[in-house]
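Residues per chain are reported as follows:
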Amino acid sequence: MSGLVAQRITFSQALVKTSRWWPVALIAMFVAAAIFAPLIAPYDPNAQNLVGRLKPPGTVSRTFHYWLGSDELGRDVLSRIIYGARISLTVAFASVILSGAVGVCLGMMAGYRRGWVEMVIMRVVDVFLSIPAILLAIITVAVLGPSLLNVILVLVLTRWPRYARVAYGQTLAVANMPYVRLSAFMGASATRVLLRHVLPNIIGAITVVATLEFGLMVLFEAGLSFLGLGVQPPTASWGAILSVGRNYLANAWWIATLPGACLFLLVLAINLIGDFVRDYLDPRIH
Amino acid sequence: MNAAEPVLAMRDVAIEIGGARVVDGVSITASAGRIVALVGESGCGKSLTALSILRLLPKAARFTGGTVELGGRVLSAMSEEQLAGVRGDEVAIIFQEPIASLNPLMRAGEQVEEALRLHRGLGSAEARREAIAMMTRVGISDAERRAEQYPFELSGGMCQRIMIAAALICRPKLLIADEPTTALDVTIQAQILDLMRDLRQSAGTAILVITHDMGVVADLADDVCIMYGGRIVESGPVDAIFEEPRHPYTKLLLATIPKLDGPRKVDLKTIAGVVPAAGTWPDGCRFRNRCPLADEACATVPPLVEVGPDHDTACWHSTRVAELA
Ligand SMILES: Nc1ncnc2c1ncn2[C@@H]1O[C@H](COP(=O)(O)OP(=O)(O)OP(=O)(O)O)[C@@H](O)[C@H]1O
Ligand SMILES: [Mg+2]
């Protein structure tokens, strides 16, 4: 009996241990694919082969061997996914980190400083939340023109208020704790109080938001590119492949499904890492 | 041990909340090596009085008069920056909420070091050495290991000691402790009281302890200030006050201490009537609507007058208090 229990515990412990590492490995793999795309991708992602259009995975046509099939222009889907990882990962990481940093800083300031600082920041948050992302995207593309950087800019501009809201609410609660007040009364600067006392206490909630946002950012990049703001065809991004592939779902499922599967795995891995990071930052759990 | 200059001298401090004088002309002196107890029912203004020393009043409250001096320097005239230098250094405060005063995500040692780092700018090795020495002094065994633990890994009494160690790390001249033992069980309560006694003796710290437990007062204090409705109604050496209370309120408060041969523990609420809400006190003596000795004279505010060595009371009928059962 006790042997059985012991065994079950070690088994679940082992499961927990491995489940901590495979998301990291998976993300490392995606990142490596993005960085070393020219070395890994079997073909030029933009090389067309009009004879070999919409071929299922495994087809050989002319000089191409389509491991994951071909798209509507006979381009190799595998190569496009590998190259697409560059755009998608860059946009997702950059926009989550930047909007998170901006949102958390402003949210903490609003929650800690209160008074007019709070009023100004939180009104700006309300205003930004009420501007449709599409409108902002169109204005940005009209003024600045399309580019990857502008995609990130638009995403940061539209997403930071979400972090700010969460950071603000959490800071309000933490800032009233006696240990925070005590530190401030002894002359600790606002920066010190926020970094030492407030941030560690709210980072868990922020991590949850960030992991949810991460998957959304990949999809939003596709949407913005579709509007003509982001990368222009024929440049590959997961979102772009997905949105074109949707049109061929009935007769060429692989075009949309495979980048979709990659996105799914990436988001899952990010979520698991998010959980892991949150637990790691909370001494009560590990 | 009456030093020429008291560590803390509060004179005629007044605090208003929404027009009501919730603290009205309070004067308290605390000398080095002495423990002064501030006693009174819930809501009588004890915490506000203590918080006003370091100008830590809540936003709603306004300091409207009086002075606070620390070793001859006027705290109430200092700038916010100057005062920040005093807080946690020369004057330490232990808040009423013990556990909430520790950051759940910081190791105990780091929290003890906080004041040292802010006020002395010590490096981490040096600060940690002092922190561990102080933790050992407040009775934490195995301090080196404890310093690495988080509050959730420590018992309530241990957390309280960590807080006390954090408060004492800069060797303050004055320690303000707002009900330091209310949340603790009796054994730990006794240990913490021992610790404060020891501190007073070995470090010569002046301690202002707030409580509504007359048992703690009898056990711990050298001097007592009894507060009612935002005013000090009686103050003096603990022996004098316990032997011969000269204010009816003090007399009634003392009757609430459980005695071995008397009836079982009687609650403070057994004083007839309830504490009027702040601002709804009667004119004149604020206790008169509950006082068995009250008459027309009490419609005038009684001044605090000396009735014995260092023993003051604010009652028109101080000579008749002994008649009360
Ligand atoms: N932040 C605040 N806003 C409004 N009123 C307050 C505030 N803090 C205290 N008061 C009022 O001031 C009066 C004195 O409060 P104080 O906290 O000093 O009482 P206390 O003697 O410490 O009571 P306790 O024994 O319950 O701690 C009370 O009537 C209380 O209602
Ligand atoms: Mg209080």
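How each quantity is defined
Residues numbered from 1 in each chain as written. Chains lettered and ligands numbered in written order. Predicted model: local features only at pLDDT ≥ 70, side-chain atom pairs only at ≥ 80, totals over all residues. Heavy atoms only, no water. Axes fitted to C-alpha atoms, helices over the stretch in contact; angles between N-to-C directions. Helix = DSSP H or I, 4+ residues; strand = E, 2+ residues; numbered from the N terminus. Parallel < 35°, antiparallel > 145°, perpendicular 65-115°, else oblique. Left-handed = near helix turned anticlockwise from the far one by under 90°. Contact = heavy atoms within 4.5 Å. Nonpolar A, V, L, I, M, F, W, Y, C, P; charged D, E, K, R; others polar. Buried < 20%, exposed > 50% of the residue type's maximum accessible area, 1.4 Å probe, protein only. Buried area = accessible area lost by both parts, 1.4 Å probe. Salt bridge = Lys/Arg side-chain N within 4 Å of Asp/Glu carboxyl O. Polar contact = N/O pair within 3.5 Å; in protein donor to acceptor, adjacent residues only side chain to side chain. Near = heavy atom within 4 Å. Areas by Shrake-Rupley, 256 points an atom, 1.4 Å probe, with all protein chains shown as cover. Patch = residues over 30% accessible without salt bridge, like charges linked within 9 Å, V, L, I, M, F, W, Y side chains within 5 Å. Pairing = 2+ DSSP bridges.

J.: Would you mind going over the packing of helix α3 (residues 77-113) of chain A against helix α10 (residues 253-281) of chain A with me for this structure?
T.: Helices that pack against each other are described as a pair by the angle of their axes relative to one another and the distance between those axes. Residues and elements named next belong to chain A. For the pair α3 and α10, the least separation of the axes is 11 Å and the interaxial angle reads 40°. As far as their axial angle goes, α10 and α3 are oblique. Between α3 and α10 lies a crossing of right-handed hand. Across from Val77, Ile81, Leu89 and Phe93 in α3, the residues of α10 making contact are Trp254, Ile255, Leu258, Pro259, Cys262, Leu266 and Ile270. A per-class count over the contact of α3 with α10 returns eleven nonpolar, no polar and no charged.

J.: Looking at this structure, how should I read unusual backbone geometry?
T.: Negative phi values dominate among residues other than glycine, just as trans dominates among peptide bonds. All names here are of chain B. Despite not being glycine, Arg55 has its phi angle at roughly 55°, a positive value. Looking at the element boundaries, Arg55 is found in the loop between α1 (46-53) and β4 (61-70). Of the residues examined, Arg55 reaches a relative accessible area of 33% and is grouped as partly exposed. Positive phi outside glycine occurs at Asp310, with the angle close to 60°. By the element assignment, Asp310 lies in the loop between β11 (305-308) and β12 (311-313). You can call Asp310 exposed: its relative accessible area is 54%.

J.: I keep staring at the interface of chain A and chain B and nothing clicks. Help me out?
T.: Interface size is commonly expressed as the accessible surface area that is lost when the partners come together. Contacts between the two partners involve 19 residues from chain A, matched on the other side by 22 residues from chain B. Here chain A packs against chain B, burying approximately 1900 Å² in sum over the two surfaces, 66% of which is carbon and sulfur. Where chain A meets chain B, there are three salt bridges. The residue Arg192 of chain A makes a salt bridge to Glu114 of chain B at a minimum N-O spacing of 3.7 Å. There are six residue pairs in polar contact (both at pLDDT 80 or more) connecting chain A and chain B. Breaking the side of chain A that touches chain B down by element, the ones donating at least two residues are α7 (178-185) and α8 (190-226) of chain A. Of the residues that constitute the side of chain A that touches chain B, the class distribution is ten nonpolar, four polar and five charged.

J.: Hey, could you run me through the site of ligand 1 in this one?
T.: Residues and elements named next belong to chain B. Surveying the vicinity of ligand 1 reveals 15 residues, the closest of which are Ser42, Gly43, Lys46, Ser47 and Leu48. Ser42 is positioned with one of its side-chain polar atoms (N or O) 2.4 Å from an oxygen atom of ligand 1. The contact in question runs from an oxygen atom of ligand 1 to an N or O atom on the backbone of Leu48, over 2.9 Å. The fraction of the free accessible surface of ligand 1 (630 Å²) that becomes covered by protein chains is 66%. Here the element with the most residues in the shell around ligand 1 is α1; it accounts for three residues. Tallied by class, residues from the shell around ligand 1 come to six nonpolar, six polar and three charged.

J.: When you look at a nonpolar patch on the surface in this model, what are you seeing that I'm missing?
T.: Residue and element names in this part refer to chain A. The grouping of Val31, Ile35, Phe36, Leu39 and Ile40 at the surface amounts to a nonpolar patch, some 480 Å² of accessible area in total. At the level of elements, α1 (2-35) and α2 (37-40) are the ones that each hand at least two residues to the nonpolar patch. Considering the arrangement of structural elements, one finds Ile40 in helix α2. Residue classification places Ile40 among the partly exposed residues on the basis of a relative accessible area of 42%.

J.: Would you take a moment to explain the sheet that holds strand β6 (residues 91-94) of chain B for this structure?
T.: Either a parallel or an antiparallel arrangement is found when strands of a sheet pair, and the pairing is made through backbone hydrogen bonds. Residues and elements named next belong to chain B. Strands sit in the order β6-β7-β8-β3-β9-β10-β12-β11 across an open sheet of eight strands; the sheet is mixed. Each edge of the sheet is formed by a strand with only one pairing partner; in this case those strands are β6 and β11. Strand-to-strand, the axes of this sheet are offset by a mean angle of 20°, without reference to chain direction. Bridge count for strand β3 (residues 35-39) against strand β9 (residues 223-228) is four bridges, and the pairing is parallel. Pairing of Leu38 across the sheet is with Cys225, part of β9. The strands touched by helix α7 (residues 186-203) are β3, β7 (174-178) and β8 (206-211); relative to β8, the strand with the most contacts, the crossing angle is about 155°.

J.: Would you mind showing me how to read the sheet that holds strand β2 (residues 20-30) of chain B here?
T.: Residues and elements named next belong to chain B. Read across the sheet, four strands follow the order β2-β1-β4-β5 without closing on themselves; strand pairing throughout is antiparallel. Either end of the sheet is taken by a strand with one partner, and the two such strands are β2 and β5 (73-74). Judged from the seven bridges that link them, strand β1 (residues 8-17) and β2 form a sheet pairing that is antiparallel. The residue of β2 that forms the bridge with Ile15 is Val23.

J.: Explanation requested: the pairing of strand β10 (residues 231-237) of chain B in the structure shown.
T.: Residue and element names in this part refer to chain B. Judged by how many residues are buried, β10 sits mostly within the fold: six of seven residues are covered. Following β9, the chain reverses through two residues before pairing antiparallel with β10; Gly229 in that reversal takes a positive phi of roughly 55°. As paired strands, β10 and β12 are joined by two bridges and run antiparallel to one another. Bridging across to β12, Glu234 finds its partner in Thr313.

J.: Whenever I open this one, the pattern of salt bridges confuses me. Can you help?
T.: Pairing is possible between side chains of opposite charge, provided their charged atoms come close. Residue and element names in this part refer to chain B. Tallying each qualifying case throughout the model produces 33 salt bridges over all chains. With its nearest N and O atoms 3.1 Å apart, the salt bridge here joins Glu69 to Arg11. Of this pair, Glu69 sits in strand β4 while Arg11 sits in strand β1, and the two are 58 residues apart along the sequence. Residue classification places Glu69 among the buried positions, given a relative accessible area of 19%. Using a relative accessible area of 41% as the deciding quantity, one classes Arg11 as partly exposed. Each of Glu16, Arg21, Asp24, Arg62, Arg231 and Arg286 takes part in salt bridges that share partners, so that together they form one network.

J.: Got a minute to help me understand the pairing of β1 of chain B in this structure?
T.: Residues in a regular strand point their side chains to alternate faces of the sheet. Residues and elements named next belong to chain B. Of all the ten residues making up β1, seven are buried; the element is thus mostly covered by neighbouring parts of the structure. Inspection of the sheet shows β1 paired to β4 by eight bridges, in the antiparallel sense. Residue pairing across strands places Ile15 opposite Phe63, the latter belonging to β4. What sits between β1 and β2 in their antiparallel hairpin is a turn of two residues, with Gly18 showing a positive phi close to 50°.

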